[in-house]
Amino acid sequence: MASIKGPAPAPTSFPGAENLRIGIVHARWNEECITPLVKGCVESITKAGVKPENIVIESVPGSWELPFGVSRLISASQVQASSNVSDLMGATSLLDDNSKPATPTTGSAGKSKAALDAVIGIGVLIKGSTMHFEYISESCCSGLMRIGLDTGVPVILGVLTALTEDQALERSGVGRGANKGHNHGLDWGSASVEMALKTNRWA
Ligand code: DLZ
């Protein structure tokens, strides 16, 4: 029997998206899943109308570091927006140069950029034989939730907590079987644009 689980279709038009800046912070653990998830996010964010140069991508070692990375990226972008700091951190991503949006700059005049309107934290946790999975999953997810509530900047939960490698691959759209599964990064990208626009409206 077909499953009824999953989100209703996301909005198809995002008026105002061309003015948004979206951040992505991804862990580097489980790269085979992380790379397509980040690409899926970028695909749906740009499809919604966000300019590629307004997508900031940073990496951290593992999911444990995601809340810290997201928190610092939000505050760095806010400092940058209120000063002439010339750039955010040097982007270090698993994505190759062709798929990575242009690194943000402030232009030759050193004009500051707007602060980030939403940030997605992307990680893939796969259960092993110890309690690591439980501790990191719980801390990472509650940390990301707290940052959104504390800063008022929407933080999208892009963390897969999979019991098996196959589960993680299928949810990244790169399943090993005939069914490749669904790339959840596509949904996270749309969610970030939707929440950024709504947050600006609710200000
Ligand atoms: C240590 C660890 C383990 C066992 N598993 C994962 C994982 O499945 N996914 C992930 O993103 N990170 C994992 N890590 C690394 C931790 O998140 C963290 O980077 C290290 O403990 C260093 O703080």
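Residues numbered from 1 in each chain as written. Predicted model: local features only at pLDDT ≥ 70, side-chain atom pairs only at ≥ 80, totals over all residues.

Under an unreviewed UniProt entry, the name given to the chain is 6,7-dimethyl-8-ribityllumazine synthase, and the source organism is Kalmanozyma brasiliensis. According to the UniProt record, the Function (unreviewed entry) comment for the chain reads "Catalyzes the formation of 6,7-dimethyl-8-ribityllumazine by condensation of 5-amino-6-(D-ribitylamino)uracil with 3,4-dihydroxy-2-butanone 4-phosphate. This is the penultimate step in the biosynthesis of riboflavin." (UniProt positions renumbered as here; feature names shortened; annotations may be inferred.)

Visitor: Teacher, can you tell me more about helix H3 (residues 132–151) here?
Guide: Think of an α-helix as 3.6 residues a turn; residues three or four steps apart then line up on the same face. Between the first and last C-alpha of H3 there are 28 Å, a value that for 20 residues agrees with the 28 Å anticipated at 1.5 Å per step. Listed in full, the buried residues belonging to H3 are Ile136, Cys140, Leu144, Ile147 and Gly148. What you see down the axis of H3 is that its buried residues fit within an arc of 95°, all on one side. Exposed side chains of H3 directed beyond 90 degrees from the buried face belong to Glu134, Tyr135, Glu138, Ser142, Leu149 and Asp150. (Helix = DSSP H or I, 4+ residues; strand = E, 2+ residues; numbered from the N terminus. Expected span 1.5 Å × (residues − 1). Buried ≥ 20, exposed ≤ 12 C-beta atoms within 10 Å, placed from the backbone. Arc of directions from axis to C-beta.)

Visitor: Help me out: how do you make sense of unusual backbone geometry in this one?
Guide: Despite not being glycine, Asn30 has its phi angle at roughly 60°, a positive value. Within the secondary structure layout, Asn30 lies in the loop between strand E1 (22–27) and helix H1 (31–47).

Visitor: Just to check I follow, could you spell out the sheet that holds strand E4 (residues 155–162) for this structure?
Guide: The four strands are arranged E2-E1-E3-E4 in an open sheet whose pairing can be described as parallel. Two strands bound the open sheet, and with one partner strand each, they are strand E2 (55–60) and E4. For this sheet, the mean inter-axis angle between neighbouring strands, taken without regard to orientation, is 15°. With six bridges connecting them, E1 and E2 associate as parallel partners. Its bridge partner lying in E2, Ala27 is registered against Val60. (Pairing = 2+ DSSP bridges. Axes fitted to C-alpha atoms, helices over the stretch in contact; angles between N-to-C directions.)

Visitor: Looking at this structure, I do not really get the nonpolar core. What am I missing?
Guide: Most often, soluble globular proteins keep nonpolar side chains buried together rather than apart. In this structure, Ile22, Ile24, Cys41, Val70, Val119 and Val193 are the most contacted members of the largest nonpolar core, which totals 48 residues. Not counting residues up to four positions away in its chain, the partners in contact with Val193 are Phe14, Ala17, Leu20, Ile22, Ile45, Ala48 and Val50. (Core = buried A, V, L, I, M, F, W, Y, C linked by C-beta atoms within 7 Å. Contact = placed C-beta atoms within 7 Å.)

Visitor: Even after reading the chapter, I still don't get H1, so can you show me in this structure?
Guide: With 17 residues, H1 extends 24 Å between its outermost C-alpha atoms, agreeing within 8% with the 24 Å of an ideal straight helix rising 1.5 Å per residue. Among the 17 residues that make up H1, twelve are buried, leaving the element largely enclosed by the rest of the structure. All of the buried residues in H1 are Cys33, Ile34, Thr35, Pro36, Leu37, Val38, Lys39, Gly40, Cys41, Val42, Ser44 and Ile45. Each element contacted by the buried residues of H1 is listed here: E1, E2, strand E3 (118–126), E4, helix H4 (165–170) and helix H5 (184–201).

Visitor: How do you make sense of the site of the ligand when you look at a structure like this?
Guide: Around the ligand, the surrounding shell holds 15 residues, and the nearest of these are Ala27, Trp29, Gly62, Ser63 and Trp64. Secondary structure elements with two or more residues in the shell around the ligand: E3 and H3. Looking at the shell around the ligand, its residues break down into eight nonpolar, six polar and one charged. (Near = placed C-beta within 6 Å. Nonpolar A, V, L, I, M, F, W, Y, C, P; charged D, E, K, R; others polar.)

Visitor: Help me understand the packing of H1 against H5 in this model?
Guide: How two helices sit against one another is set out by the angle between their axes and by the gap between those axes. With their axes 7 Å apart at the nearest point, H1 and H5 run at an angle of 40° to one another. One way to sum up the angle between H1 and H5 is to call them oblique. Note on packing geometry: the crossing formed by H1 with H5 is right-handed. Facing Pro36, Leu37, Val38, Lys39, Gly40, Cys41, Val42, Glu43, Ser44 and Ile45 of H1, the residues of H5 in contact are His184, Gly185, Leu186, Trp188, Gly189, Ser190, Ser192 and Val193. A breakdown of the residues in the contact of H1 with H5 according to their chemical character gives nine nonpolar, seven polar and two charged. (Parallel < 35°, antiparallel > 145°, perpendicular 65-115°, else oblique. Left-handed = near helix turned anticlockwise from the far one by under 90°.)

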